[in-house]
Protein chains: 4
Amino acid sequence: MIVVMDAKASARDISDVIARIRAMGFDVHLSEGKERTIIGVIGRGRPIDREQIGLMSGVQNVMPVSHPYKIASREYHPDDTLIPLNGVQVGGPDLAIVAGPCSVEDRTQIIEIAHAVREAGATALRGGAFKPRSSPYSFQGLGEEGLKYLADARAETGLPIVTEVMDPQAVPLVCQYADVLQIGARNMQNYTLLHAVGESQHPVLLKRGMSSTIEELLMSAEYILSHGNMRVMLCERGIRTFETATRNTFDINAIPVLKQASHLPVIADPSHGTGKWEYVESVSLAAIAAGADGLILEVHHDPENAQSDGRQSLKPEKFAALVEKARQLAPIVGRQFPVRETVR
Amino acid sequence: MIVVMDAKASARDISDVIARIRAMGFDVHLSEGKERTIIGVIGRGRPIDREQIGLMSGVQNVMPVSHPYKIASREYHPDDTLIPLNGVQVGGPDLAIVAGPCSVEDRTQIIEIAHAVREAGATALRGGAFKPRSSPYSFQGLGEEGLKYLADARAETGLPIVTEVMDPQAVPLVCQYADVLQIGARNMQNYTLLHAVGESQHPVLLKRGMSSTIEELLMSAEYILSHGNMRVMLCERGIRTFETATRNTFDINAIPVLKQASHLPVIADPSHGTGKWEYVESVSLAAIAAGADGLILEVHHDPENAQSDGRQSLKPEKFAALVEKARQLAPIVGRQFPVRETVR
Amino acid sequence: MIVVMDAKASARDISDVIARIRAMGFDVHLSEGKERTIIGVIGRGRPIDREQIGLMSGVQNVMPVSHPYKIASREYHPDDTLIPLNGVQVGGPDLAIVAGPCSVEDRTQIIEIAHAVREAGATALRGGAFKPRSSPYSFQGLGEEGLKYLADARAETGLPIVTEVMDPQAVPLVCQYADVLQIGARNMQNYTLLHAVGESQHPVLLKRGMSSTIEELLMSAEYILSHGNMRVMLCERGIRTFETATRNTFDINAIPVLKQASHLPVIADPSHGTGKWEYVESVSLAAIAAGADGLILEVHHDPENAQSDGRQSLKPEKFAALVEKARQLAPIVGRQFPVRETVR
Amino acid sequence: MIVVMDAKASARDISDVIARIRAMGFDVHLSEGKERTIIGVIGRGRPIDREQIGLMSGVQNVMPVSHPYKIASREYHPDDTLIPLNGVQVGGPDLAIVAGPCSVEDRTQIIEIAHAVREAGATALRGGAFKPRSSPYSFQGLGEEGLKYLADARAETGLPIVTEVMDPQAVPLVCQYADVLQIGARNMQNYTLLHAVGESQHPVLLKRGMSSTIEELLMSAEYILSHGNMRVMLCERGIRTFETATRNTFDINAIPVLKQASHLPVIADPSHGTGKWEYVESVSLAAIAAGADGLILEVHHDPENAQSDGRQSLKPEKFAALVEKARQLAPIVGRQFPVRETVR
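The model shown is predicted, which means the values in this text are computed figures rather than measured ones.

What counts and how
Residues numbered from 1 in each chain as written. Chains lettered and ligands numbered in written order. Predicted model: local features only at pLDDT ≥ 70, side-chain atom pairs only at ≥ 80, totals over all residues. Helix = DSSP H or I, 4+ residues; strand = E, 2+ residues; numbered from the N terminus. Rg over C-alpha atoms; globule rule 2.2 N^0.38 Å. Buried ≥ 20, exposed ≤ 12 C-beta atoms within 10 Å, placed from the backbone. Contact = placed C-beta atoms within 7 Å. Least-squares fit on C-alpha atoms with pLDDT ≥ 70 in both. Pairing = 2+ DSSP bridges. Axes fitted to C-alpha atoms, helices over the stretch in contact; angles between N-to-C directions. Domains from an automatic or database assignment. Nonpolar A, V, L, I, M, F, W, Y, C, P; charged D, E, K, R; others polar. Parallel < 35°, antiparallel > 145°, perpendicular 65-115°, else oblique. Left-handed = near helix turned anticlockwise from the far one by under 90°.

**Q** What is the right way to look at the overall build of chain A in this model?
**A** Per the secondary structure count, chain A includes 11 helices and 14 strands. At 21 Å, chain A has a C-alpha radius of gyration in line with the 20 Å of a compact globule built from 344 residues. Taken along the three principal axes of its C-alpha coordinates, chain A extends 65 × 45 × 45 Å. Taken over 344 residues, chain A has a buried fraction of 57%. Pairs at least 24 residues apart make up 67% of the contacts formed inside chain A by residues separated by at least 6 positions.

**Q** Just to check I follow, could you spell out the interface of chain C and chain B for this structure?
**A** How big an interface is tends to be stated in terms of accessible area lost as the parts join. Of the residues lining the interface, 24 residues belong to chain C; the matching set on chain B comes to 24 residues. Per-element accounting of the side of chain C that touches chain B gives the leading share, 4 residues, to helix α7 (residues 214-225) of chain C.

**Q** Mind showing me how you'd approach the relation of the copies chain A and chain B here?
**A** Here the second copy of the chain follows from the first by a rotation about an axis and a shift along it. Once chain A has been moved 0.0 Å along the axis and rotated by 180 degrees, it coincides with chain B to within an RMSD of 0.1 Å. With respect to symmetry, the two chain copies, as superposed, fit the operation of a two-fold axis. When C-alpha distances to the rotation axis are compared across chain A, the minimum falls at Ala286(A), with a value of 1.9 Å. Taken together, the interface assignments show that 100% of the residues at the interface of chain A recur at the interface of chain B, consistent with an identical surface on both copies.

**Q** Looking at this structure, how should I read the sheet that holds strand β2 (residues 27-32) of chain A?
**A** Backbone hydrogen bonds hold the strands of a sheet together, and the pairing may be parallel or antiparallel. Residue and element names in this part refer to chain A. Taking strand neighbours across the sheet as the criterion, the 4 strands line up as β2-β3-β1-β4 in an open arrangement whose pairing is antiparallel. Here the strands that pair on one side only, and so sit at the sheet edges, are β2 and β4 (59-63). For this sheet, the mean angle separating the axes of adjacent strands, direction not counted, is 20 degrees. Bridging between β2 and strand β3 (residues 37-42) involves 6 bridges; their strand directions are antiparallel. Paired with His29 across the strands is Gly40, a residue of β3. In the packing of helix α1 (residues 11-23) onto the sheet, contacts are made with β1 (2-5), β2, β3 and β4, and the angle to β3 comes to roughly 5 degrees.

**Q** Explain the sheet that holds strand β7 (residues 96-100) of chain A here, please?
**A** All names here are of chain A. Taking strand neighbours around the barrel as the criterion, the 8 strands line up as β7-β8-β9-β10-β11-β12-β13-β14 in a closed arrangement whose pairing is parallel. Between one strand axis and the next, the sheet turns through 25 degrees on average, direction left out of account. Strand direction decides the pairing type here: β7 and strand β14 (residues 294-298), joined by 5 bridges, are parallel. When the bridges of β14 are listed, Ile97 appears paired with Leu295. Against the sheet, helix α4 (residues 144-157) makes contact with β8 (124-126) and β9 (161-164), and its axis sits at roughly 165 degrees relative to β9, the strand it touches most.

**Q** Just to check I follow, could you spell out the environment of Lys207(B) for this structure?
**A** All names here are of chain B. The topology assignment puts Lys207 in strand β11 (residues 204-207). Residues Lys207 and Ile14, 193 residues apart in the sequence, show an inter-C-alpha distance of 35 Å. Excluding residues within four positions of it along the chain, Lys207 makes contact with Gln182, Ile183, Gly184, Ala185, Met188, Cys235 and Arg237.

**Q** Looking at this structure, how should I read the domain arrangement of chain A?
**A** Partitioning chain A into domains gives domain 1 (2-63) and domain 2 (83-333). The distance between the C-alpha centroids of domain 1 of chain A and domain 2 of chain A comes to 36 Å.

**Q** Help me understand the interface of chain A and chain B, please; the structure alone is not making it clear to me.
**A** Counting from both sides, the interface comprises 35 residues of chain A and, opposite them, 35 residues of chain B. Listing elements by their share of the side of chain A that touches chain B, those giving two or more residues are α7 (214-225), α8 (254-261), α10 (277-290) and α11 (316-329) of chain A. The dominant element in the side of chain A that touches chain B, judged by the number of residues it contributes, is α10(A), at 8 residues. Counted by class, the side of chain A that touches chain B contains 18 nonpolar, 12 polar and 5 charged residues.

**Q** What am I meant to see in the packing of α10(A) against helix α10 (residues 280-290) of chain B here?
**A** Packed helices, taken two at a time, are described by the angle their axes make and the gap between the axes. Close contact between α10(A) and α10(B) brings their axes to 7 Å; oriented N to C, the two are set at 155 degrees. If you check the angle between α10(A) and α10(B), you find them roughly antiparallel. Two packed elements cross with a definite hand, and for α10(A) against α10(B) that hand is right-handed. Together, Ser282(A), Val283(A), Leu285(A), Ala286(A), Ala289(A) and Ala290(A) of α10(A) and Ser282(B), Val283(B), Leu285(B), Ala286(B), Ala289(B) and Ala290(B) of α10(B) make up the contact between the two elements.

**Q** Can you walk me through the packing of α10(B) against helix α11 (residues 316-329) of chain B in this structure?
**A** All names here are of chain B. Where α10 contacts α11, the two axes come as close as 10 Å, and the packing angle between them is 25 degrees. Taken together, α10 and α11 sit at an angle that is classed as roughly parallel. Relative to α11, α10 is oriented so that their crossing is right-handed. Here Glu281, Ser284, Leu285, Ile288 and Ala289 of α10 lie close against α11, whose contacting residues are Leu322, Lys325, Ala326 and Leu329. When its residues are assigned to classes, the contact of α10 with α11 shows 6 nonpolar, 1 polar and 2 charged.

**Q** Explain the pairing of β3(A) to me, please; I cannot follow it from the model alone.
**A** Along any regular strand, the residues point their side chains to alternate faces of the sheet. As paired elements, β1(A) and β3(A) share 3 bridges and run antiparallel to each other. When the sheet's bridge partners are listed, Val3(A) is paired in β3(A) with Ile39(A).

**Q** So what exactly am I meant to see when it comes to unusual backbone geometry here?
**A** With glycine set apart, most residues show a phi of negative sign, and most peptide bonds adopt trans. Of note in this structure, Asn86(A) is not a glycine but carries a positive phi near 55 degrees. Looking at where Asn86(A) falls in the secondary structure, it is placed in the loop between β5 (83-85) and β6 (88-90).

**Q** Is there a simple way to explain the environment of Lys148(A) in this structure?
**A** Residue and element names in this part refer to chain A. Tracing the backbone through its elements, the reader meets Lys148 in helix α4. Judged by the 16 C-beta atoms lying within 10 Å of it, Lys148 falls in the partly exposed class. Sequence separation of Lys148 and Tyr177 is 29 residues, and the distance between their C-alpha atoms is 7.2 Å.

**Q** Got a minute to help me understand helix α6 (residues 191-200) of chain C in this structure?
**A** Side chains three or four residues apart in an α-helix point the same way, a direct result of the helix having 3.6 residues per turn. Residues and elements named next belong to chain C. The buried fraction of α6 is high, at 8 of 10 residues. For α6, the set of buried residues is Tyr191, Thr192, Leu193, Leu194, Ala196, Val197, Gly198 and Ser200. Its buried side turned inward, α6 meets α5 (171-177), β10 (180-183), β11 (204-207) and α7. Just downstream of α6 lies Gln201, where phi reads positive at about 60 degrees.

**Q** Looking at this model, I keep getting lost on the environment of Ile111(A). Mind explaining?
**A** All names here are of chain A. Positionally, Ile111 belongs in helix α3 (residues 107-120). Linking Ile111 and Pro84, residues 27 residues apart in sequence, is a C-alpha distance of 23 Å. Leave out the neighbours within four places in its chain, and Ile111 touches Asp152, Ala153 and Glu156.

What follows is the structure in structure tokens.
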């Protein structure tokens, strides 16, 4: 249930409605938009008396939410959510490009790649220190050492850090180093972890599970949002289908569907979405044309010898060429690249 | 097996190689490219003696084909295949836009829509006279009457006709009216039909089956090509996955994969690929950005009352807006819209 | 819409109702069950006047059909449909076992295998003369020659023949040789072919398309049934999923779902459902335990050298062992193996 | 790499080989079978010198493992792993039946159901205290209170408890109450959790992720096994496909595939595998016929009012009828029901 307040409702009207809802045994979540305030009613209890609320001063409309998510929905929060990242307002006209290696392998590697992606126009640096791997015998990442190298790379280039956290207990540690916490596809329904990153109040990049529906992605986002942590970016990274020519099937439809259903920014990951570097540029441009708010891309200076995901990593020069094409494409779909010092 | 002839090979060299292959009990298919001729060895028999052929005059290389399709592969035919359609060379820089209703419903309807899509810049008119429907109780199309209305619409607008044929025996009839024969998704592996349209030597738009792999699509194309009918356009129209927010999952990856594996043009069908008109523009732009050679779109002047597929049909004004955006996007990815009389 | 007649309705009552429905511009399909007659109203026209029909003599109930198929539904035809095959009533307590090679390769091969499967207890012989193959360069079957060898095998063993027909025009030819026409998975939505086998009035084994839903299978059956050809067996043969350990994913759920939704017999094809002979016995027993009315199995005396599907073909001795286990399992789920002369 | 020791190898031979492998910088995992000992070489380092090890006393064979899992493979551990549960050796001839409600709702409910399933022949009681739910607004379980009620139910009926753990930090708490820790489908690749339950040395029921391959399931098991915790039961619970007639598609093929690839017991969950109670009996019998070592089933005395999963829950009398049929089926596939006091 959400209560849509009139554009002219007073602060007093709003606090009265909140008090009444709380008195009925529910929790409340506020969405203060440009035009009006919307009050989300959260929790389970006696069925709420819509009519009673509807008659209160300043209330325009009381309506049920037609989705199993609430705070994530555009009904509840009509304006786009903007999340600041290195001078870019992710979700607004500026496109964000997050780039870097799959795994942090050593200090030299991450710093070298950070410089390369910054030169080419990246907004932020990605790199995994904790790696979820299907096999316990695959490289599992450098752990905190990797986080320190990421911090070094940030110190050298100014690029903020996007890195994955897998363990709820490790959230405080990763928050010390990361600017954005990444939740990987395998953990999209790891609710303990979602609660932990929600509580952290740190920005989050939430990847869609490889066979999760769009609605399930939004319900997982709702877990984070329900802690009042509104800085959630949704990430389409390809789904699992019968097709074997590519590693995953990038679900381009998900971009307009998510933009219509939710106010949260949508980031595309064509590296995982295709699994082969030669298709990454085409699908990156497609994602921007379809309305994505940004890209996250795997870039490696030596893909043949990468510890992981070399097959889908772009070399820095290919990445630079892709960014250049994206820059040209952006205005056609009403987007732009930020003009800022870190990009020349 | 393919025999790559030297750029300087003489006509005599080529005919000698062909004669030798035939003498070994195989058939031959010729691909005469800009730079060189490639000879495809077709059929089953004793293993062919590669060395013997390799020593003949004018032969540069004899190599196995690494795919279960041969004529459809870029290895065998490195240059893009161009298929003329109303002044556009489909597969070249010009983008082709095929548009019209799902079904031909009556004479007035198809002529009205034909005018509207022509005004907006369509290259050709689509419209179904024979409709494959899951239920025998759904509208099955007007049959030959529908074909006649399509011919009337062509006479009035100059737009060539793309229409589906389902029955091998009906191929000669449909060829009388259609400029391009469409093979629907459900018939992608209807081999009797593929042979029939191959023999017809008519241009073909071959839709990918809803759960066919990209490789299977190319093998089905091979059935048509093996009759020497080289005018085959491949069509990505969405695949069946677990996602239910959209009717199908448009496989954007398929576009660069097909363009890399084959020389045949690739047309995108975002109407079926999404199943909801509100997502069609985003996915159409995405398809062009990813490298598609054209679009096929469902347009209806009264979608609410359409006999079929109203949910995914654009109104003419939405279609015109989409074409306008596509026109702006085209040059970014090295494409263009044809400047021709039929478009003002 | 279906009209359920009272158990005591007279022939005159029934013919009156039929006449009234026809007068309203609809067609009629009769289902005469043990207990009562049900009249299916087929076609599109003005909405039918339920109340008017409901008041007629002998009418118990007039009700809409809640599925897009009608004649195939259990609502319309509550009793199990029984289809006679070599002394077995397929769909009744007797289990039917159809067995034989994927392709007829030569006269000796098919006769040798026919003897082997008959010895082991098979009800009928399968063998492909027309083969749908993804690649035009794969073995396409022996054609009519193969049909003749099948007829020879029947003459020698008494086993009726189940063989595929792919081309609507070939239906009369195949009917001359086959006891049951098989529609392959790739042709499940080849409506021209479905109409042709419907008109033939020959028994049909209809395979589920590799990514067709259960409802789509029943709608395809409806195409055949709508010609008054009620002898349709449904075949679950595995669906296409992301899993690659097996060729297809045998959908065991489909068996109870189909038995609940429809009165038609359900045959399981664990050979295609798994794609590997070593899993065929387990899945065959599973299918019977789940309620299948029979099995169709690929058996070959020399799988390593089979022209097609050798990987999933059982050797005759493995087949005999499987039948023996099935024989023991049958009574547990209320089924039996027929005691008849052809089995010793 | 695994080192297969000769049947006659001495303890000294074995310890020498282990010492040599450790000296090369690897870890070692021992599998002591009835016939011979197999030594698993774990870890990454310099390539191991196979020849050198192969020449040592008592070594029969040194071979690479052809899978990305090692301890889970039958190559490494040819004998079936047996896991004791309430007098049953799960993985041996005895079939195990785990039954109970989806969620523990209150003390009376769980005790009533526990009595009912024990009467009908259940081996163990299932019931969720911590519930992973797609939506944060769905019932999340009673938490520790629920665990206490489960313990009460065990005290009253003697049935051991199978219950889910979602949070790595909660593992010690859940171990206090549970006899078997369940890892839910959504957490199959929650590696932090897998490590935690591995370290706990508690028996584990590991559910297959809804779109995880069979190989990925075995790799997840490997995470647990690599801690020396060998008491892992694998659970097939249906995968996500395009089919919507059922909640999931129960992958019956997975049962023989897992039994061939691994020595671990395989438990079937037809409740989630179908999502509708009316199909549960058929698929349960199918699973046993296919070789499953047991079943896990949702049973509720009042499914219409269940807090979760009522649609797929059997009433106690339906459950009892299912067990009775399973008891009859068991001997046909070489299995049995345990004769023990708790079952009458």
